[in-house]
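# Structural overview for review
Listed here are the chains, written in short residue letters.
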Amino acid sequence: NAGVTQTPKFRVLKTGQSMTLLCAQDMNHEYMYWYRQDPGMGLRLIHYSVGEGTTAKGEVPDGYNVSRLKKQNFLLGLESAAPSQTSVYFCASSPDRGAYEQYFGPGTRLTVT
Amino acid sequence: KNQVEQSPQSLIILEGKNCTLQCNYTVSPFSNLRWYKQDTGRGPVSLTIMTFSENTKSNGRYTATLDADTKQSSLHITASQLSDSASYICVVSRNTGGFKTIFGAGTRLFVKA
């Protein structure tokens with residue numbers, strides 16, 4: 001039982017390049033989330049999904065797209081990377097939205113130059 | 001405005017000492033409050049969760065308290081260990097029809113030998 005895994009762990013992009021971050025969970029959770037974490041700030045929700053085939057915008061969705069084609073996977077895409085997207089990205093999952101704990105992946109450190 | 005503020009920003013204590021971290025929130029309507037521990041380079045891991053009716057919750061050497069009237073929570077760490085060195089994040093969820101979870105910026109704790 002690996003929990004929540006993320007690939008890659010590190011990535012450096014040039015401005016304008018695109019990439020996809022992959023999140024996978026093996027806990028059969030319905031809900032999945034993408035956050036970004038910047039120094040001195042709390043985690044901010046980018047997009048989330050309440051089930052296979054569904055996605056919704058979070059607090060800071062601009063410049064990102066997501067897809068949830070399979071229940072266990074949640075992909076985060078950057079179509080045209082900008083330096084402002086330099087951050088650490090965390091994926092999380094939970095059984096439901098309410099009081100349930102969110103289980104986080106190890107994070108992806110992205111640098112855009 | 002829904003906000004979660006933590007204090008202090010950082011804290012240095014000697015191994016074996018106790019410490020208390022603070023969390024003040026203005027999130028409404030309140031659903032639950034969680035404390036997470038985040039080791040360097042890792043994703044956050046849940047320590048405790050409290051709903052409106054709970055005013056204390058323990059997890060080993062970690063004890064969280066909640067005063068829903070004053071909208072304050074604290075995390076008390078007893079007999080600190082070097083492994084307690086981490087960021088501690090307070091997270092408050094709103095009780096709304098949509099998804100809304102607000103993360104504090106965290107308190108960085110350093111435990112020295």
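Our structure's up above, just so we're on the same page.
Counting restarts for each chain: residues are numbered from 1 in the order of the written sequence. As a convention, the first chain written is A and the first ligand written is 1, with the rest following in written order. Per-residue local features of the predicted model are confined to residues with pLDDT of at least 70, and side-chain atom pairs are confined, for both listing and counting, to 80 or more; whole-chain, interface and lining totals are unaffected and use all residues. To obtain the side-chain values, all non-hydrogen atoms of the structure were included, while hydrogens and water were left out.

## Brief notes about the overall build of chain B
The line we're drawing: Where helices and strands are cited, they refer to DSSP runs of H or I of at least four residues and of E of at least two residues respectively, numbered from the N terminus. For the radius of gyration, the atom set is restricted to C-alpha positions; the globular benchmark scales as 2.2 Å times the number of residues to the power 0.38. For every residue, the accessible area (1.4 Å probe, protein chains only) is compared with the maximum for its type, and the residue is labelled buried under 20%, exposed over 50%, or partly exposed between those bounds. We call two residues in contact whenever any of their non-hydrogen atoms come within 4.5 Å of each other. For every accessible area listed, the method is Shrake-Rupley and the probe measures 1.4 Å; residues are considered covered only by the protein chains on display.
For chain B, the helix and strand inventory stands at zero helices and eleven strands. Along the chain direction, N to C, the helices and strands of chain B fall in the order β-β-β-β-β-β-β-β-β-β-β. In terms of overall size, chain B behaves like a compact globule, its C-alpha atoms giving a radius of gyration of 14 Å where 113 residues would be expected to give roughly 13 Å. With the C-alpha coordinates of chain B rotated into their principal frame, the extents come out at 45 × 25 × 20 Å. Buried residues in chain B amount to 43% of all 113 residues. Long-range pairs, those at least 24 residues apart, make up 56% of the contacts in chain B between residues at least 6 apart in sequence. For chain B, the exposed area adds up to about 5400 Å²; of that, 48% sits on carbon and sulfur atoms.

## Some words on the interface of chain A and chain B
Which entries qualify depends on this criterion: Note on definitions: buried area is the accessible-area loss of two parts on being combined, 1.4 Å probe, summed for both. Each residue gets one of three labels, nonpolar for Ala, Val, Leu, Ile, Met, Phe, Trp, Tyr, Cys and Pro, charged for Asp, Glu, Lys and Arg, and polar for the others, Gly among them.
Tallying the contact residues gives 19 residues for chain A and 19 residues for chain B. Counting the surface lost from both chain A and chain B, the interface buries some 1500 Å², and carbon and sulfur atoms represent 57% of this. Elements with a minimum of two residues in the side of chain A that touches chain B: β4 (31-37) and β5 (44-49) of chain A. In terms of residue count, β4(A) provides more of the side of chain A that touches chain B than any other element does, three residues in total. Looking at side-chain class alone, the side of chain A that touches chain B contains eleven nonpolar, six polar and two charged residues.

## Structural notes on the state of the cysteines
The bond known as a disulfide is covalent and runs between the sulfur atoms of two cysteines. Definition in use: Throughout, disulfides are identified as pairs of cysteine sulfur atoms within 2.5 Å of each other.
Scanning the entire structure with this criterion turns up two disulfides over all chains. The residue that forms a disulfide with Cys23(A) is Cys91(A), at a sulfur-sulfur distance of 1.9 Å. As the torsion about the S-S bond is roughly -75 degrees, the Cys23(A)-Cys91(A) disulfide counts as left-handed. One end of the pair, Cys23(A), is in strand β3 (residues 19-25); the other, Cys91(A), is in strand β9 (residues 87-94), with 68 residues separating them in the sequence. Given a relative accessible area of 0%, Cys23(A) falls into the buried group. The disulfide bridge from Cys23(B) ends at Cys90(B), spanning 2.0 Å between sulfur atoms. Taking the sign of the S-S torsion, about -70 degrees here, the bridge from Cys23(B) to Cys90(B) comes out left-handed. Of this pair, Cys23(B) sits in strand β3 (residues 19-25) while Cys90(B) sits in strand β9 (residues 86-94), and the two are 67 residues apart along the sequence. Residue classification places Cys23(B) among the buried positions, given a relative accessible area of 0%. By relative accessible area, which is 0% here, Cys90(B) ends up buried.

## Some details on the pattern of salt bridges
Residue and element names in this part refer to chain B. Put simply, the rule is: Just to be clear on terms, a salt bridge is a Lys or Arg side-chain nitrogen sitting within 4 Å of an Asp or Glu carboxyl oxygen.
Counted under the stated rule, the structure contains six salt bridges over all chains. Two residues, Asp39 and Lys37, come together in a salt bridge whose shortest N-O distance is 3.9 Å. Accessibility expressed as a relative area gives 31% for Asp39, which makes it partly exposed.

## Describing the nonpolar core
Condition: Among the buried residues, those of types Ala, Val, Leu, Ile, Met, Phe, Trp, Tyr and Cys that are joined through side-chain atoms within 4.5 Å form a nonpolar core.
If you look at the biggest cluster of nonpolar residues, it comprises 25 residues, and the most contacted ones within it are Val4(B), Tyr25(B), Leu33(B), Trp35(B), Leu75(B), Tyr88(B) and Val92(B). If you list the elements that add at least two residues to this core, you get β3, β4 (30-38), β5 (45-51), β7 (62-67), β8 (72-77), β9 and β11 (107-112) of chain B. One finds Leu13(A), Val66(A), Phe74(A) and Leu76(A) within the second-largest nonpolar core, a separate group that totals 18 residues.

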